[in-house]
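Chain residues, written in single-letter form:
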Amino acid sequence: MSQNLVGNLADPANPGEAGPGLARAVDTGTGPGPGHRVDVWRGLRFLLRRPGLVLSVAVLVLVVLASFWPDLFTSQDPLKGVPSQNFRGPSGTHWFGTDELGRDVFSRVVHGAQLSLKATLIAVLVAFVVGGLLGMVAGFVGRWVDDVLMRFVDVLLSIPALFLSLALVTALGYGTVKVAVAVGIASVAAFARVARAEVLRVRQAVFVEASRSCGARWYSVLGRHVLPNAAGPVIVLATLDFGSSILAVSALSFLGYGAPPPAPEWGTLISDGRNYLANAWWLTALPGLAIAATVLATNRIARALDGEWSRQR
(Lines give C-alpha, C1' and ligand atoms only; values in the text may rest on other atoms or scores of the structure.)
Protein backbone atom coordinates (compact mmCIF):
# COMPACT_ATOMS: atom_id res chain seq x y z
CA MET A 1 0.00 0.00 0.00
CA SER A 2 2.82 2.38 0.82
CA GLN A 3 4.45 1.61 -2.53
CA ASN A 4 1.22 2.52 -4.31
CA LEU A 5 1.12 5.88 -2.51
CA VAL A 6 4.73 6.58 -3.48
CA GLY A 7 4.03 5.52 -7.04
CA ASN A 8 1.25 8.11 -7.25
CA LEU A 9 3.72 10.88 -6.36
CA ALA A 10 6.85 9.84 -8.31
CA ASP A 11 7.71 7.60 -11.20
CA PRO A 12 9.91 4.70 -9.99
CA ALA A 13 11.68 4.61 -13.36
CA ASN A 14 12.64 8.27 -13.10
CA PRO A 15 12.86 9.51 -9.49
CA GLY A 16 13.49 13.10 -10.54
CA GLU A 17 10.17 13.34 -12.38
CA ALA A 18 7.09 14.06 -10.33
CA GLY A 19 3.98 12.03 -10.80
CA PRO A 20 0.52 13.41 -11.52
CA GLY A 21 -0.38 13.98 -7.88
CA LEU A 22 2.74 16.02 -7.11
CA ALA A 23 2.47 17.93 -10.37
CA ARG A 24 -1.02 19.03 -9.48
CA ALA A 25 0.09 20.11 -6.03
CA VAL A 26 2.95 22.18 -7.41
CA ASP A 27 0.93 23.77 -10.19
CA THR A 28 -1.70 25.16 -7.82
CA GLY A 29 0.77 27.46 -6.10
CA THR A 30 2.79 28.85 -9.00
CA GLY A 31 0.79 32.08 -9.35
CA PRO A 32 -2.19 33.28 -11.38
CA GLY A 33 -3.38 30.62 -13.74
CA PRO A 34 -5.49 30.71 -16.89
CA GLY A 35 -8.63 31.38 -14.83
CA HIS A 36 -7.47 34.90 -14.00
CA ARG A 37 -6.75 35.67 -17.66
CA VAL A 38 -10.17 34.29 -18.62
CA ASP A 39 -11.87 36.57 -16.06
CA VAL A 40 -10.04 39.64 -17.38
CA TRP A 41 -10.87 38.76 -20.97
CA ARG A 42 -14.50 38.12 -20.00
CA GLY A 43 -14.72 41.56 -18.38
CA LEU A 44 -13.20 43.25 -21.44
CA ARG A 45 -15.52 41.38 -23.76
CA PHE A 46 -18.46 42.36 -21.56
CA LEU A 47 -17.54 46.05 -21.95
CA LEU A 48 -16.68 45.89 -25.65
CA ARG A 49 -20.08 44.42 -26.46
CA ARG A 50 -21.81 47.30 -24.65
CA PRO A 51 -20.59 50.66 -25.96
CA GLY A 52 -23.45 52.40 -24.17
CA LEU A 53 -22.13 51.12 -20.85
CA VAL A 54 -18.62 52.34 -21.68
CA LEU A 55 -20.03 55.76 -22.56
CA SER A 56 -22.01 55.81 -19.30
CA VAL A 57 -18.92 55.02 -17.26
CA ALA A 58 -17.02 57.77 -19.08
CA VAL A 59 -19.78 60.31 -18.37
CA LEU A 60 -19.88 59.39 -14.69
CA VAL A 61 -16.09 59.61 -14.42
CA LEU A 62 -16.16 63.09 -15.96
CA VAL A 63 -18.86 64.20 -13.52
CA VAL A 64 -16.86 62.90 -10.55
CA LEU A 65 -13.69 64.61 -11.80
CA ALA A 66 -15.62 67.86 -12.29
CA SER A 67 -16.95 67.58 -8.75
CA PHE A 68 -13.56 67.18 -7.10
CA TRP A 69 -11.25 68.97 -9.55
CA PRO A 70 -13.27 71.53 -11.55
CA ASP A 71 -10.08 73.33 -12.60
CA LEU A 72 -9.32 70.39 -14.90
CA PHE A 73 -12.16 71.51 -17.17
CA THR A 74 -12.29 75.29 -16.85
CA SER A 75 -10.23 78.13 -15.45
CA GLN A 76 -12.99 80.73 -15.45
CA ASP A 77 -14.61 82.03 -12.29
CA PRO A 78 -18.24 80.83 -12.12
CA LEU A 79 -19.27 83.88 -10.06
CA LYS A 80 -17.53 86.61 -12.05
CA GLY A 81 -19.52 88.16 -14.87
CA VAL A 82 -18.64 90.46 -17.75
CA PRO A 83 -21.74 92.58 -18.51
CA SER A 84 -20.59 93.26 -22.05
CA GLN A 85 -20.58 89.49 -22.73
CA ASN A 86 -24.12 88.76 -21.54
CA PHE A 87 -26.40 86.40 -23.48
CA ARG A 88 -23.69 85.11 -25.77
CA GLY A 89 -24.58 81.82 -27.40
CA PRO A 90 -22.47 78.65 -27.25
CA SER A 91 -19.13 79.14 -28.99
CA GLY A 92 -15.50 78.12 -28.81
CA THR A 93 -14.88 80.74 -26.13
CA HIS A 94 -17.98 79.92 -24.05
CA TRP A 95 -19.00 76.32 -24.70
CA PHE A 96 -22.35 76.67 -22.95
CA GLY A 97 -22.78 80.40 -23.65
CA THR A 98 -23.13 83.14 -21.02
CA ASP A 99 -26.01 84.19 -18.78
CA GLU A 100 -27.69 87.55 -18.12
CA LEU A 101 -24.69 88.77 -16.09
CA GLY A 102 -22.06 87.61 -18.56
CA ARG A 103 -20.99 84.59 -16.48
CA ASP A 104 -19.71 81.51 -18.28
CA VAL A 105 -22.43 78.84 -18.09
CA PHE A 106 -20.04 75.94 -18.66
CA SER A 107 -17.95 77.05 -15.70
CA ARG A 108 -21.08 77.30 -13.57
CA VAL A 109 -22.21 73.81 -14.62
CA VAL A 110 -18.78 72.33 -13.82
CA HIS A 111 -18.56 74.00 -10.41
CA GLY A 112 -22.22 73.23 -9.75
CA ALA A 113 -21.45 69.53 -10.11
CA GLN A 114 -19.58 69.74 -6.81
CA LEU A 115 -22.64 71.01 -4.93
CA SER A 116 -25.12 68.69 -6.64
CA LEU A 117 -22.96 65.60 -6.32
CA LYS A 118 -22.18 66.39 -2.69
CA ALA A 119 -25.89 66.59 -1.90
CA THR A 120 -26.58 63.41 -3.87
CA LEU A 121 -23.88 61.42 -2.08
CA ILE A 122 -25.20 62.55 1.30
CA ALA A 123 -28.75 61.61 0.32
CA VAL A 124 -27.74 58.14 -0.91
CA LEU A 125 -25.59 57.57 2.18
CA VAL A 126 -28.43 58.53 4.54
CA ALA A 127 -30.88 56.25 2.71
CA PHE A 128 -28.37 53.39 2.52
CA VAL A 129 -27.35 53.48 6.18
CA VAL A 130 -30.73 54.19 7.78
CA GLY A 131 -32.80 52.05 5.41
CA GLY A 132 -30.28 49.21 5.40
CA LEU A 133 -30.13 49.22 9.20
CA LEU A 134 -33.93 49.15 9.53
CA GLY A 135 -34.26 46.32 7.02
CA MET A 136 -31.43 44.33 8.58
CA VAL A 137 -32.90 44.55 12.07
CA ALA A 138 -36.42 43.76 10.86
CA GLY A 139 -35.33 40.76 8.81
CA PHE A 140 -32.83 39.30 11.27
CA VAL A 141 -34.71 39.81 14.54
CA GLY A 142 -38.24 39.21 13.25
CA ARG A 143 -41.30 38.88 15.51
CA TRP A 144 -42.82 42.12 16.83
CA VAL A 145 -39.74 44.14 15.89
CA ASP A 146 -40.31 43.29 12.25
CA ASP A 147 -43.98 44.25 12.50
CA VAL A 148 -43.30 47.65 14.10
CA LEU A 149 -40.49 48.62 11.71
CA MET A 150 -42.35 47.51 8.61
CA ARG A 151 -45.47 49.43 9.59
CA PHE A 152 -43.28 52.54 9.88
CA VAL A 153 -41.82 51.78 6.44
CA ASP A 154 -45.34 51.37 5.03
CA VAL A 155 -46.22 54.84 6.29
CA LEU A 156 -43.18 56.28 4.50
CA LEU A 157 -44.09 54.42 1.30
CA SER A 158 -47.63 55.83 1.38
CA ILE A 159 -46.28 59.40 1.02
CA PRO A 160 -44.87 60.48 -2.37
CA ALA A 161 -41.12 60.96 -2.08
CA LEU A 162 -41.08 64.52 -3.41
CA PHE A 163 -43.86 65.64 -1.06
CA LEU A 164 -42.08 64.05 1.88
CA SER A 165 -38.84 65.77 0.86
CA LEU A 166 -40.64 69.11 0.65
CA ALA A 167 -42.15 68.65 4.10
CA LEU A 168 -38.81 67.66 5.61
CA VAL A 169 -36.80 70.45 4.01
CA THR A 170 -39.43 72.96 5.12
CA ALA A 171 -39.00 71.74 8.69
CA LEU A 172 -35.21 71.52 8.52
CA GLY A 173 -34.58 74.76 6.65
CA TYR A 174 -32.87 75.74 3.42
CA GLY A 175 -29.39 74.65 2.33
CA THR A 176 -27.61 71.96 0.34
CA VAL A 177 -27.00 69.58 3.26
CA LYS A 178 -30.56 69.90 4.57
CA VAL A 179 -31.96 69.21 1.12
CA ALA A 180 -29.73 66.13 0.91
CA VAL A 181 -30.89 64.83 4.29
CA ALA A 182 -34.54 65.36 3.32
CA VAL A 183 -34.08 63.47 0.03
CA GLY A 184 -32.23 60.68 1.84
CA ILE A 185 -34.94 60.21 4.47
CA ALA A 186 -37.56 60.09 1.72
CA SER A 187 -35.68 57.14 0.15
CA VAL A 188 -35.26 55.15 3.38
CA ALA A 189 -38.35 53.00 2.84
CA ALA A 190 -37.15 51.46 -0.43
CA PHE A 191 -33.79 50.50 1.06
CA ALA A 192 -35.47 49.03 4.15
CA ARG A 193 -37.76 46.80 2.08
CA VAL A 194 -34.96 45.49 -0.14
CA ALA A 195 -32.58 44.94 2.79
CA ARG A 196 -35.25 43.08 4.77
CA ALA A 197 -36.12 40.82 1.84
CA GLU A 198 -32.48 39.91 1.27
CA VAL A 199 -31.80 39.26 4.96
CA LEU A 200 -34.84 36.98 5.14
CA ARG A 201 -33.64 35.09 2.08
CA VAL A 202 -30.08 34.63 3.33
CA ARG A 203 -31.14 33.84 6.90
CA GLN A 204 -32.86 30.66 5.69
CA ALA A 205 -29.85 29.46 3.67
CA VAL A 206 -28.20 26.13 4.51
CA PHE A 207 -24.80 27.62 5.36
CA VAL A 208 -26.40 30.00 7.86
CA GLU A 209 -28.22 27.13 9.54
CA ALA A 210 -24.97 25.15 9.61
CA SER A 211 -23.13 28.06 11.21
CA ARG A 212 -25.79 28.33 13.90
CA SER A 213 -25.74 24.60 14.56
CA CYS A 214 -21.98 24.82 15.12
CA GLY A 215 -22.58 27.26 17.97
CA ALA A 216 -21.65 30.54 16.23
CA ARG A 217 -22.78 33.72 17.96
CA TRP A 218 -25.58 35.74 16.39
CA TYR A 219 -23.32 38.69 15.63
CA SER A 220 -20.82 36.34 13.97
CA VAL A 221 -23.55 34.87 11.77
CA LEU A 222 -24.80 38.35 10.92
CA GLY A 223 -21.41 39.84 10.13
CA ARG A 224 -19.76 36.90 8.37
CA HIS A 225 -22.65 35.29 6.50
CA VAL A 226 -25.84 37.36 6.34
CA LEU A 227 -24.59 40.87 5.57
CA PRO A 228 -22.00 39.99 2.86
CA ASN A 229 -24.54 37.85 0.99
CA ALA A 230 -27.41 40.34 1.33
CA ALA A 231 -25.51 43.50 0.41
CA GLY A 232 -25.48 43.05 -3.39
CA PRO A 233 -29.05 44.10 -4.26
CA VAL A 234 -28.88 46.97 -1.75
CA ILE A 235 -25.74 48.30 -3.45
CA VAL A 236 -27.44 48.06 -6.85
CA LEU A 237 -30.40 49.97 -5.42
CA ALA A 238 -27.98 52.64 -4.16
CA THR A 239 -26.65 53.02 -7.71
CA LEU A 240 -30.19 53.39 -9.04
CA ASP A 241 -31.09 55.78 -6.23
CA PHE A 242 -28.10 57.94 -7.16
CA GLY A 243 -29.85 59.02 -10.34
CA SER A 244 -33.21 59.62 -8.71
CA SER A 245 -31.51 61.56 -5.90
CA ILE A 246 -29.89 63.86 -8.45
CA LEU A 247 -33.33 64.59 -9.86
CA ALA A 248 -34.83 65.15 -6.40
CA VAL A 249 -32.00 67.43 -5.25
CA SER A 250 -32.19 69.40 -8.51
CA ALA A 251 -35.97 69.68 -8.18
CA LEU A 252 -35.70 71.11 -4.67
CA SER A 253 -32.95 73.48 -5.81
CA PHE A 254 -35.17 74.52 -8.70
CA LEU A 255 -37.88 75.41 -6.19
CA GLY A 256 -35.41 77.52 -4.21
CA TYR A 257 -34.66 75.22 -1.28
CA GLY A 258 -31.01 74.63 -2.13
CA ALA A 259 -27.94 76.77 -1.67
CA PRO A 260 -28.67 80.51 -1.90
CA PRO A 261 -27.62 82.46 -5.03
CA PRO A 262 -25.15 82.89 -6.62
CA ALA A 263 -24.24 79.26 -5.83
CA PRO A 264 -24.36 77.39 -9.17
CA GLU A 265 -26.37 74.32 -8.26
CA TRP A 266 -27.77 72.51 -11.28
CA GLY A 267 -31.39 73.02 -10.27
CA THR A 268 -30.75 76.70 -9.55
CA LEU A 269 -29.18 77.17 -13.00
CA ILE A 270 -32.31 75.80 -14.68
CA SER A 271 -34.54 77.94 -12.47
CA ASP A 272 -32.56 81.10 -13.31
CA GLY A 273 -32.60 80.37 -17.03
CA ARG A 274 -36.32 79.67 -17.40
CA ASN A 275 -37.05 83.41 -17.55
CA TYR A 276 -34.94 83.74 -20.70
CA LEU A 277 -36.12 80.76 -22.74
CA ALA A 278 -37.26 82.97 -25.59
CA ASN A 279 -33.85 84.51 -26.32
CA ALA A 280 -31.34 82.30 -24.40
CA TRP A 281 -32.42 78.65 -24.55
CA TRP A 282 -28.97 77.41 -23.57
CA LEU A 283 -29.33 78.71 -20.01
CA THR A 284 -31.86 75.97 -19.30
CA ALA A 285 -31.25 73.33 -21.96
CA LEU A 286 -27.54 72.71 -21.39
CA PRO A 287 -27.61 72.37 -17.57
CA GLY A 288 -30.67 70.16 -18.02
CA LEU A 289 -28.71 68.08 -20.53
CA ALA A 290 -25.93 67.64 -17.95
CA ILE A 291 -28.46 66.38 -15.38
CA ALA A 292 -30.11 64.04 -17.90
CA ALA A 293 -26.76 62.59 -19.03
CA THR A 294 -25.68 61.92 -15.43
CA VAL A 295 -28.98 60.26 -14.50
CA LEU A 296 -29.04 58.08 -17.63
CA ALA A 297 -25.42 57.07 -17.09
CA THR A 298 -26.02 55.95 -13.50
CA ASN A 299 -29.16 54.05 -14.49
CA ARG A 300 -27.27 52.24 -17.28
CA ILE A 301 -24.49 51.24 -14.89
CA ALA A 302 -27.01 50.06 -12.30
CA ARG A 303 -28.77 47.92 -14.92
CA ALA A 304 -25.45 46.34 -15.87
CA LEU A 305 -24.65 45.58 -12.23
CA ASP A 306 -28.13 44.24 -11.54
CA GLY A 307 -28.59 41.62 -14.22
CA GLU A 308 -26.27 41.77 -17.21
CA TRP A 309 -23.02 40.94 -15.43
CA SER A 310 -24.54 38.07 -13.45
CA ARG A 311 -25.99 36.56 -16.64
CA GLN A 312 -22.63 36.98 -18.37
CA ARG A 313 -20.86 35.12 -15.56
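Above: the structure in question.
Residues numbered from 1 in each chain as written. Predicted model: local features only at pLDDT ≥ 70, side-chain atom pairs only at ≥ 80, totals over all residues. Heavy atoms only, no water.

**Brief notes about the overall build of the chain**
Moving on, step 1. If you tally the helices and strands in the chain, you get 13 helices and two strands.
Moving on, step 2. The buried share of the chain, taken over its 313 residues, is 40%.
Moving on, step 3. By sequence separation, contacts in the chain at least 24 residues apart represent 67% of the contacts at least 6 residues apart. (Helix = DSSP H or I, 4+ residues; strand = E, 2+ residues; numbered from the N terminus. Buried < 20%, exposed > 50% of the residue type's maximum accessible area, 1.4 Å probe, protein only. Contact = heavy atoms within 4.5 Å.)

**Some thoughts on the nonpolar core**
Moving on, step 1. One finds Phe-96, Val-109, Phe-191, Ile-246, Trp-266 and Ile-291 to be the most contacted residues of the largest nonpolar core, which totals 28 residues.
Moving on, step 2. Elements with a minimum of two residues in this core: helix H4 (51–68), helix H5 (105–141), helix H9 (188–203), helix H11 (218–254), helix H12 (266–273) and helix H13 (282–312).
Moving on, step 3. With eight residues, H5 is the largest single contributor of residues to this core.
Moving on, step 4. If near-sequence neighbours (up to four positions away) are discounted, Ile-246 is found in contact with Thr-120, Trp-266, Ile-291, Thr-294 and Val-295.
Moving on, step 5. Ranked by size, the runner-up nonpolar core spans 12 residues in total, among them Ala-138, Met-150, Leu-164 and Ala-192. (Core = buried A, V, L, I, M, F, W, Y, C linked by side-chain atoms within 4.5 Å.)

**Brief notes about the packing of H4 against H5**
The axes of two packed helices give the description: the angle between them and the distance between them.
Moving on, step 1. Where H4 meets H5, the axes come as close as 7 Å, and the angle between the chain directions of the two elements is 95 degrees. When the axis of H4 is compared with that of H5, the two are roughly perpendicular. Here H4 contributes Val-63, Val-64, Ala-66 and Ser-67 to the contact with H5, which in turn contributes Val-110, Ala-113, Gln-114 and Leu-117. (Axes fitted to C-alpha atoms, helices over the stretch in contact; angles between N-to-C directions. Parallel < 35°, antiparallel > 145°, perpendicular 65-115°, else oblique.)

**Observations concerning the packing of H5 against H9**
Moving on, step 1. At their nearest, the axes of H5 and H9 sit 7 Å apart, and the two run at 40 degrees to each other. The way H5 lies across H9 gives a crossing that is right-handed.
Moving on, step 2. Taken together, the residues of the contact of H5 with H9 sort by class into 15 nonpolar, four polar and two charged. (Left-handed = near helix turned anticlockwise from the far one by under 90°. Nonpolar A, V, L, I, M, F, W, Y, C, P; charged D, E, K, R; others polar.)

**Some remarks on the pattern of salt bridges**
Moving on, step 1. For the structure on display, the rule yields six salt bridges.
Moving on, step 2. In this structure, Arg-103 and Glu-100 form a salt bridge, with 4.0 Å as the shortest nitrogen-oxygen distance.
Moving on, step 3. In this structure Glu-100 comes out as partly exposed when scored by relative accessible area, which is 23%.
Moving on, step 4. The salt bridge involving Arg-196 is made with Asp-146; its shortest N-O contact spans 2.8 Å. Taken as a pair, Arg-196 in helix H9 and Asp-146 in helix H6 (residues 143–158) lie far apart in primary sequence, 50 residues in all.
Moving on, step 5. Residue Asp-146 is classed as buried on the basis of its relative accessible area, which comes to 10%.
Moving on, step 6. Among the charged side chains, a salt-bridge network with shared partners connects Asp-99, Glu-100 and Arg-103. (Salt bridge = Lys/Arg side-chain N within 4 Å of Asp/Glu carboxyl O.)

**Some points on unusual backbone geometry**
Moving on, step 1. Here Phe-87, not a glycine, exhibits a phi torsion of approximately 55 degrees, which is positive.
Moving on, step 2. With relative accessibility at 25%, the residue Phe-87 sits in the partly exposed group.

**Description of the packing of aromatic side chains**
Moving on, step 1. Summed over all chains, the structure comprises seven aromatic pairs.
Moving on, step 2. Aromatic pair Phe-68 and Trp-69: ring centres 5.9 Å apart, planes at 50 degrees, arrangement tilted. Comparing Phe-68 with Trp-69, the two get one shared label, exposed.
Moving on, step 3. Here the aromatic rings of Trp-281 and Trp-282 are separated by 5.9 Å at their centres, their planes lie at 80 degrees, and the arrangement is edge-to-face.
Moving on, step 4. On the basis of relative accessible area, Trp-281 is assigned to the partly exposed category, the value being 46%.
Moving on, step 5. Through a chain of ring-to-ring contacts, three or more aromatic side chains come together here, namely Trp-95, Phe-96 and Phe-106. (Phe/Tyr/Trp six-rings, centres within 6.5 Å; stacked < 30°, edge-to-face > 60°.)

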